[in-house]
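Residue-level structure breakdown
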Amino acid sequence: MLFRILGVPELYDERRRRRIHLASPMQGALLGALLGQPGVAVPAEQLIGELWGDRPPTKEANALQAHVSRLRGRLALVEPERANAPRLIRHGTGYELAAGEHDTDAGRFRLSVARARELAEHDPQAAYDAFRQALALWRGDVLEGSVMGPICAAVATEHERTRQDALEKFFETALRTGRHEQVLGELRAAVSAHPGRTRFREQLALALHRRRPAAAAPGARRPGTEADRPGELERLRGLVQLLASEQRSLRTRLEGLTALVSAPE
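Residues numbered from 1 in each chain as written. Predicted model: local features only at pLDDT ≥ 70, side-chain atom pairs only at ≥ 80, totals over all residues. Heavy atoms only, no water.

A separate point is helix H5 (residues 124-135). Under the 1.5 Å per step criterion, the end-to-end length of H5 is 16 Å for twelve residues, consistent within 8% with the ideal 16 Å. Residues of H5 that are buried: Pro124, Ala127, Tyr128, Ala130, Phe131, Ala134 and Leu135. Buried residues in H5 make contact with helix H4 (105-120), helix H6 (150-176) and helix H7 (180-193). (Helix = DSSP H or I, 4+ residues; strand = E, 2+ residues; numbered from the N terminus. Expected span 1.5 Å × (residues − 1). Buried < 20%, exposed > 50% of the residue type's maximum accessible area, 1.4 Å probe, protein only. Contact = heavy atoms within 4.5 Å.)

Right, dumping it as structure tokens:
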């Protein structure tokens, strides 16, 4: 069983390799709210607020129970053997979904990114592949198409921030290993989607600088004209900032290695 929330929420049967779609955006919101605190009972009052906001149905407890029952039915399609030990259980006035880090695509993403970060310190080639595989777990926006109450909104914000941090590190390893051409389109998309993320702009500037031919093609407009200057200056500023950042990173690593080899035995 794999709970997928990095995109349209769904269940995935890994043994039979089949996707189980949820019946409604309400079920997606319920799943997202429960996975926001896996292994912890979420009070029914919070779940009602998540699904209906300040306009709950007349018999809100019964309506919530109906959605819980439908979600249990979808879970049973994937794990019929757990009929006597369901993942989704009631605890007091709340509901708890039993799911470990490896049971969700978001959890696997976090674990894969942590592994890729470790590799980046000594094996950027392997780190690039690890970041690429981790990012491939994303199929769209978090809980795409679901009702987004406060719990789901917080879950989406947290995972999106983690994804952007991973993207920065992924682009860094791509540039370190000479793959600037391979990630150029993704860098442009990241800059367009997140204009306030300065690091993406710096990395795009470096990628463009590295792919630029040493000499202009015959008949091409010579850089430095009035039309080109604003873009050229922006590119150069980004390049200077990125190189300065890389220099600081290298200096920190060098100081750490120096301290290590200088330590008394």
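That covers the picture; the talk isn't over yet.
Further remarks concern the nonpolar core. Counting residues in each nonpolar core, the largest one holds 63 residues, and the members touching the most others are Phe3, Leu11, Leu34 and Leu64. In terms of residues, this core owes the most to one element, H6, which gives ten residues. Excluding its chain neighbours within four sequence positions, the residues that come into contact with Leu11 are Met1, Leu2, Phe3, Arg18, Arg19, Ile20, Leu22, Leu31, Arg74, Leu75 and Val78. (Core = buried A, V, L, I, M, F, W, Y, C linked by side-chain atoms within 4.5 Å.)

Let us now look at the packing of aromatic side chains. Throughout the structure, instances matching the rule amount to four aromatic pairs. Within the aromatic cluster, the residues linked to one another by ring pairs are Tyr128, Phe170, Phe171 and Phe200. A cation over a ring is seen here: Arg4 above Tyr12, with NZ or CZ 4.3 Å from the ring centre. Of note, Arg179 hangs over the ring of Tyr128, and the distance from its end group to the ring centre comes to 4.0 Å. (Phe/Tyr/Trp six-rings, centres within 6.5 Å; stacked < 30°, edge-to-face > 60°. Lys NZ or Arg CZ within 6 Å of the ring centre and 35° of its normal.)

We now examine the confidence of the model for the protein. Averaged over all residues, the pLDDT of the protein equals 86, while 80% of them reach at least 70. For the stretch residues 214-230, pLDDT sits under 50, and the model shows six contacts to residues farther than four places along the chain or on other chains. (pLDDT = per-residue confidence, 0-100.)

Take the packing of helix H2 (residues 44-52) against helix H3 (residues 60-78) next. Interaxial distance between H2 and H3 falls to 10 Å at its minimum, and their mutual angle equals 80°. One element, H2, and the other, H3, form an angle in the roughly perpendicular class. Residues Ala44, Leu47, Ile48, Leu51 and Trp52 of H2 form the contact with H3, whose own contacting residues are Glu60, Ala61, Ala63, Leu64 and His67. In terms of residue class, the contact of H2 with H3 is built from eight nonpolar, one polar and one charged. (Axes fitted to C-alpha atoms, helices over the stretch in contact; angles between N-to-C directions. Parallel < 35°, antiparallel > 145°, perpendicular 65-115°, else oblique. Nonpolar A, V, L, I, M, F, W, Y, C, P; charged D, E, K, R; others polar.)

Going residue by residue along strand S2 (residues 10-13), you find Glu10 and Tyr12 tucked away on one face and Leu11 and Asp13 tucked away on the opposite face as well. One ladder, built from three bridges, connects strand S1 (residues 2-4) with S2; its direction is antiparallel. Across the sheet, Phe3 pairs through a bridge with Leu11, a residue of S2. Count of turn residues in the S1/S2 antiparallel hairpin: five residues, of which Gly7 carries a positive phi of about 140°. Bridge count for S2 against strand S3 (residues 18-21) is four bridges, and the pairing is antiparallel. (Pairing = 2+ DSSP bridges.)

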